[in-house]
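The residues making up each chain are set out below.
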Amino acid sequence: MSAPRIIIQILVTGAQIFGKALFEAGKQAAKNAKHSPQGAIGSDVAGVRNATSGSLTDTLTREHRMTLDEAHLILNVKRGETLETVVKNYEHLFKVNAPRPAPDPPASGARAAKQPAPPTHSHYLQSKVVRAKERIEAEMRVMTEAESTPPPPGATPTPPSS
């Protein structure tokens, strides 16, 4: 056997092996893309996919694309806290993630020391904070409406549990 023939044979065999491996990897990638494991967050934003009942809470979850628990976690408030606390935390987090004003340019004659880079802001976090506040406000609005509407006629009041 001549040397060029051996080299070509090695290259063809290597290309075949590489082609088969690439094909199998593509098949596995397609299979992985179709598979959605139970409990995976992936494309399901905040459990919205699970909010399928017609309840008011599920409707709010789908509308705001955020569960009430996630909204409480984002704003660092507990359930049942007042709206003032929610708004206070919202304002703080919104301000912290807001863009900073541009720094003043250094004086022209003086040799200014190197300024540290200003902290960055996050539009994404700001939008999450806004949606969290809106979600909690919507839930509070629903609760106050439920308390203010009288029960339907013929409904028996539930006795207080002790």
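The structure presented is a predicted model; accordingly, all values stated were derived computationally and were not measured.

(A) Molecular detail of the overall build of the protein. From N to C terminus, the protein includes 5 helices and 0 strands. Put simply, the protein runs from its N terminus to its C terminus through helices and strands in the order α-α-α-α-α. Within the protein, the proportion of its 162 residues that are buried is 19%. Expressed as a percentage of contacts within the protein between residues at least 6 apart in sequence, the contacts between residues at least 24 apart total 59%. Of the roughly 13,100 Å² that the protein leaves accessible, carbon and sulfur atoms contribute 62%.

(B) Local environment of the pattern of salt bridges. Per the counting criterion, the structure on display carries 5 salt bridges. For Glu139, the salt bridge is made with Arg135, and the minimal N-O distance between the two is 2.6 Å. Of this pair, Glu139 and Arg135 both sit in helix H5 (residues 123-148), 4 residues apart, roughly one helical turn. Of the two residues, Glu139 and Arg135, neither departs from the other in class, the shared state being buried.

(C) Structural view of the nonpolar core. Core analysis: the biggest nonpolar cluster contains 10 residues, these being Met66, Leu68, Ala71, Leu75, Val77, Val86, Tyr90, Val129, Ala132 and Ile136. Put simply, the parts of the chain that give this core at least two residues each are helix H3 (68-75), helix H4 (83-96) and H5. Excluding its chain neighbours within four sequence positions, the residues that come into contact with Val129 are Ile74, Leu75, Tyr90, Leu93 and Phe94.

(D) Representation of the packing of aromatic side chains. A full pass over the atoms with the stated rule returns 1 aromatic pair. With a centroid separation of 5.7 Å and 35° between ring planes, the pair formed by Tyr90 and Phe94 is classed as tilted. In this pair, Tyr90 and Phe94 both sit in helix H4, 4 residues apart, roughly one turn of the helix. Exposure remark for Tyr90: the relative accessible area of 15% places this residue in the buried category. Overall, the relative accessible area of 31% leaves Phe94 in the partly exposed class.

(E) Representation of unusual backbone geometry in the model. Within the chain, Asn76 stands out as a residue other than glycine whose phi angle is a positive 60°. Relative to the helices and strands, Asn76 resides in the loop between H3 and H4. Overall, Asn76 belongs to the exposed group, its relative accessible area being 64%.

What counts, and at which threshold
Residues numbered from 1 in each chain as written. Predicted model: local features only at pLDDT ≥ 70, side-chain atom pairs only at ≥ 80, totals over all residues. Heavy atoms only, no water. Helix = DSSP H or I, 4+ residues; strand = E, 2+ residues; numbered from the N terminus. Buried < 20%, exposed > 50% of the residue type's maximum accessible area, 1.4 Å probe, protein only. Contact = heavy atoms within 4.5 Å. Areas by Shrake-Rupley, 256 points an atom, 1.4 Å probe, with all protein chains shown as cover. Salt bridge = Lys/Arg side-chain N within 4 Å of Asp/Glu carboxyl O. Core = buried A, V, L, I, M, F, W, Y, C linked by side-chain atoms within 4.5 Å. Phe/Tyr/Trp six-rings, centres within 6.5 Å; stacked < 30°, edge-to-face > 60°.

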